[in-house]
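Chain by chain, the residues:
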Amino acid sequence: MGEETFKKTKNMLSVSNLDTLSIRSAITDPEVREIHEALTELLETPVWELLDEIKQNMQMSDAFHPMDMLSMELDVLLNTVKHVASNDMVNDGAPERQSYSDIPEEIKDYLLRKREINGFGLWGKNEFRVFVNHENKRRHLRENMLRIFTDIFKTKLNLHIMVGKPCIHFYSQQGDKIYTRNSLSEESNDENSYGTLGGFVSDQINDTFVLTCSHVCQKGDIIFADDNDHGRVRIGECVFSNDLQTTNINEFIDVALVKIDNDALKRCNLSMLNDTFQQSNVKIYLENLQQIASKDYVYKIGASTSVTKGLITSPEVHLKITGGRAELFFVSDIADIPFAEKGDSGSIVFTIENSSALDTVHVIGMVSGAFKPHQPSGEDEKIDKNRKTEKKDDEGAKKEVSCTGDITCFRMDKTMEFLRKKGTDVSFKNQKS
């Protein structure tokens with residue numbers, strides 16, 4: 001929004017009585033969209049100020065869990081309601097791009113070199129979790145990290161070392177929207193097994209594909225979907241599926257592409273939909289997820305649970321899985337309503353542009369499964385014996401934090417980059433740069 005448009009709109013509102021000519025002039029102005037934005041911002045500013053005052057008063061009170069959840073909901077509202085910046089105008093220049101990662105590079109380099117590390121990442125606002133493969137490695141690693149990165153873990157992050165191997169439980173079971181059949185078989189692999197049609201993308205020669213998860217379908221599988229007029233019908237064939245079972249996988253990205261048959265295209269709505277099933281423009285989210293973590297709602301449309309919303313609680317998590325490295329983010333439920341369940345694998349995770357027009361969705365990633373740490377054999381008893389000691393040692397993690405509700409998602413920008421490396425450059429319909 002330009003400075004002149006903002007000032008012009010503010011001056012218009014300051015007039016005690018708007019005449020018909022002024023109103024008509026605003027409606028027909030070539031910059032009507034920017035005027036709309038300025039009006040929204042000016043009118044919503046008092047609401048934002050009230051919410052901000054409530055938030056400040058809450059921070060002065062004694063904290064407890066319901067209050068924490070209410071505070072998080074207020075953060076979302078504060079981030080959604082437009083308000084006038086302190087300089088009373090919007091900068092016309094491009095926003096300064098922040099660092100992609102909130103995990104210090106020196107910590108990432110240190111942990112990625114160690115074989116005993118199964119994963120690490122940010123949880124919530126200031127907890128940093130590291131997963132190791134054995135109890136004796138846990139104590140040794142904690143001592144070294146507190147010594148080497150003293151300033152970071154004393155002032156910025158709480159360090160929590162956990163024994164266990166992360167495990168993702170995939171959502172590809174009963175229910176459905178996308179069904180698979182092996183190309184050599186006459187029957188479906190499992191009539192009750194399905195995944196989610198994430199979204200339609202096209203390549204440079206205008207072939208159309210469905211984006212979904214590689215654990216939903218394998219290369220060569222025939223893909224079916226339900227049709228109101230013809231029952232279950234073929235829509236295409238899986239032409240790419242990242243092999244997640246191989247032991248020498250470099251990048252663990254749970255993605256598959258299904259090429260849509262030409263005769264099936266006419267039965268497909270190729271547009272990206274928002275949370276109200278309206279056709280929308282698309283932008284791929286490229287920024288640091290910390291900017292929207294626990295602030296903006298994220299949405300998905302899944303085969304099992306349809307439209308749901310959640311909050312990103314872990315914006316960056318690195319896991320070692322089947323010999324490869326996975327970079328994920330986690331989304332948690334709101335008010336005990338599951339963000340995703342079995343059958344929702346492949347759902348596109350998106351947020352709504354904070355605009356009065358509300359016609360653009362920002363695609364963040366794709367649902368893969370549910371996160372659950374898997375304890376190595378024989379380690380459960382050791383952890384129980386050491387639990388009291390663990391509480392003494394881990395000052396930043398004095399209570400166990402449940403991982404229930406953590407939905408694992410892969411970033412879409414990383415997924416698109418991965419597919420380009422594999423020779424397929426795709427984009428969504430109506431995608432904007």
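Our subject is the structure that appears above.
All values derive from a computational prediction rather than experimental measurement. (Residues numbered from 1 in each chain as written. Predicted model: local features only at pLDDT ≥ 70, side-chain atom pairs only at ≥ 80, totals over all residues. Heavy atoms only, no water.)

With 41 residues, the main nonpolar core has M412 and F428 as its most contacted residues. If you list the elements that add at least two residues to this core, you get β7 (208–212), β12 (279–284), β13 (297–302), β14 (306–321), β15 (324–332), β16 (348–352), β17 (360–374) and α10 (412–421). Setting aside chain neighbours within four positions, we find F428 in contact with F200, V201, L211, M272, V282, I284, I348, V363, M412 and M416. If you look at the next biggest cluster of nonpolar residues, it comprises 19 residues, including I103, V130, V132 and V163. (Core = buried A, V, L, I, M, F, W, Y, C linked by side-chain atoms within 4.5 Å. Buried < 20%, exposed > 50% of the residue type's maximum accessible area, 1.4 Å probe, protein only. Helix = DSSP H or I, 4+ residues; strand = E, 2+ residues; numbered from the N terminus. Contact = heavy atoms within 4.5 Å.)

Under the counting rule described, the total for this entry stands at 11 aromatic pairs. Between F120 and F128, the ring centres sit 6.1 Å apart and the planes meet at 40°, which makes this aromatic pair tilted. F128 shares its class with F120; the two are buried. Connected via pairs of aromatic rings, a cluster forms that spans W123, F131, F330 and F371. Across the ring face of Y179, the terminal group of R232 is positioned such that the distance to the ring centre comes to 3.4 Å. (Phe/Tyr/Trp six-rings, centres within 6.5 Å; stacked < 30°, edge-to-face > 60°. Lys NZ or Arg CZ within 6 Å of the ring centre and 35° of its normal.)

Our next topic: the sheet that holds strand β9 (residues 231–241). Within the open sheet, the 7 strands sit side by side as β5-β8-β9-β10-β7-β6-β19. Their pairing is antiparallel. Of all strands in the sheet, those with a lone pairing partner are β5 (179–181) and β19 (427–428), marking the two edges. (Pairing = 2+ DSSP bridges.)

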